[in-house]
Amino acid sequence: MRKLTYFVATTVDGFIGAPDGDGDFFYTFLDPEFIDHLKAEYPETIASQGRQQLGVGDAPPKRFDAVLMGRATYEPGVKAGTTSPYGHMREQYVVSRSLTVTPDPEVELISGDLVARVRELKARDGLGIWLCGGADLAGQLVDEIDEFVVKTYPVFAGTGMPMSRAGFGVRRLELTGTKVLGGGQVITSYDVLR
């Protein structure tokens, strides 16, 4: 059974983007040590274009061979001309009620019963599924998430897009890993206790 992992960047106060969802301010914290860690441990989470620039274009996936993202996460790349941001992965899914035609044959749209579809994807053979974002999608899938990998950047935003719009509910987690990097980034991993 494949795991659904919410692998996400956040501020220390739990925001994954500005109030409008823009997360470009996180790029300030992509120092060489952090990038080297991503290249070594999570190379598949680097967009195809960036993989080539960073010299890991041919790196095999280590943890994920599928990516799942919401339309709002996917759309900025499309506007910039990137319709298949993770073409190096076996599967790319975009969840949307408004898109009716995929902009790229390598990207499959999910518009129906999201939970049922994710359960079907988890039942397939393969590596894990990366829940790329955003807050609404994480909220809809909170009970399907098996693991959280949270990249906390040394910045306080005060307000913005939260990690999830799941609503209040205590969900127990088990800390499975911590990595502290020199630029102040902390990567924590948690398994969901069921």
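Since this is a predicted model, take the numbers as computed values, not measurements.

### Observations concerning the overall build of the protein
Helices and strands together make up the secondary structure of the protein, namely five helices and 10 strands. Along the three orthogonal principal directions, the C-alpha set of the protein runs to about 40 × 40 × 35 Å. When burial is assessed residue by residue, the protein has 43% of its 194 residues classed as buried. Across the protein, contacts joining residues at least 24 apart in sequence account for 69% of those joining residues at least 6 apart. Surface accessibility of the protein: about 9,800 Å² in total, with carbon and sulfur atoms responsible for 53%. Side chains of the protein carry 20 positive and 26 negative charges; the gap between the two charge centres is 3 Å.

### A look at the packing of aromatic side chains
The tally for this structure, following the rule as stated, stands at 10 aromatic pairs. Ring centres of F7 and W130 lie 6.0 Å apart, and the angle between their planes is 80 degrees; this geometry places the pair in the edge-to-face category. With F7 in strand 1 (residues 4–10) and W130 in strand 6 (residues 128–133), this residue pair connects regions lying 123 residues apart in the sequence. With respect to burial, F7 and W130 carry one shared label: buried. One cation-aromatic arrangement involves R63 over Y42; the distance from NZ or CZ to the ring centre is 4.3 Å.

### Quick word on the sheet that holds strand 3 (residues 64–70)
Across the sheet, eight strands lie side by side as 5-4-3-6-1-7-10-9; this open sheet has mixed pairing. Each end of this open sheet is capped by a strand with a single partner; those strands are strand 5 (107–110) and strand 9 (173–180). Strand-to-strand twist of the sheet, defined as the mean angle between neighbouring strand axes without regard to direction, takes the value 25 degrees. Relative to strand 6, strand 3 is paired through five bridges, and the arrangement is parallel. Each residue of the ladder has a partner; that of F64, found in strand 6, is G128. Of the strands in this sheet, strand 3, strand 4 (91–95), strand 5 and strand 6 are in contact with helix 3 (residues 71–79), which crosses strand 3 at around 95 degrees.

### What to know about the pattern of salt bridges
A full pass over the atoms with the stated rule returns 18 salt bridges. Taking the shortest distance from any N to any O, the salt bridge between D143 and R171 comes out at 3.5 Å. Residue D143 is found in the loop between helix 5 (135–140) and strand 7 (147–152), and its partner R171 is found in the loop between strand 8 (161–162) and strand 9; the two are separated by 28 residues along the sequence. Among the residues examined, R171 registers a relative accessible area of 33% and is labelled partly exposed. Salt bridges sharing common partners tie together R2, D65, R90, E91, E108, R117, E120 and R124.

### A few points about the environment of V56
Mapped onto the secondary structure, V56 falls in the loop between helix 2 (48–53) and strand 3. Sequence separation of V56 and D125 is 69 residues, and the distance between their C-alpha atoms is 25 Å. When neighbours within four sequence positions are excluded, V56 is seen to be in contact with K39, I46 and R51.

### Here's the deal with the environment of R194
Following the sequence through the fold, R194 ends up in the segment after strand 10 (186–192). With a relative accessible area of 63%, R194 lands in the exposed category. Sequence separation between R194 and E44 is 150 residues; the distance between their C-alpha atoms is 28 Å. Within the structure, the side chain of R194 is placed 3.5 Å from the backbone oxygen of D143, a separation counted as a polar contact. In this structure the side chain of R194 is engaged in a polar contact, spanning 2.9 Å, whose partner is the side chain of D146.

### Here's the deal with the side chain of S84
In this structure, S84 sits in the loop between helix 3 and strand 4. On the basis of relative accessible area, S84 is assigned to the buried category, the value being 15%. Once residues within four sequence positions are removed from consideration, S84 is found in contact with S48, Q92, D104, E106 and V107.

### Here we look at unusual backbone geometry
Glycine aside, residues mostly have negative phi angles, and peptide bonds mostly take the trans form. Look at the link from G133 to G134: it is a cis peptide, with omega at 10 degrees. Counting through the fold element by element, G134 comes out in the loop between strand 6 and helix 5.

How each quantity is defined
Residues numbered from 1 in each chain as written. Predicted model: local features only at pLDDT ≥ 70, side-chain atom pairs only at ≥ 80, totals over all residues. Heavy atoms only, no water. Helix = DSSP H or I, 4+ residues; strand = E, 2+ residues; numbered from the N terminus. Buried < 20%, exposed > 50% of the residue type's maximum accessible area, 1.4 Å probe, protein only. Contact = heavy atoms within 4.5 Å. Areas by Shrake-Rupley, 256 points an atom, 1.4 Å probe, with all protein chains shown as cover. Lys, Arg positive; Asp, Glu negative; His and termini not counted. Charge placed at Lys NZ, Arg CZ, Asp CG, Glu CD. Phe/Tyr/Trp six-rings, centres within 6.5 Å; stacked < 30°, edge-to-face > 60°. Lys NZ or Arg CZ within 6 Å of the ring centre and 35° of its normal. Pairing = 2+ DSSP bridges. Axes fitted to C-alpha atoms, helices over the stretch in contact; angles between N-to-C directions. Salt bridge = Lys/Arg side-chain N within 4 Å of Asp/Glu carboxyl O. Polar contact = N/O pair within 3.5 Å; in protein donor to acceptor, adjacent residues only side chain to side chain.

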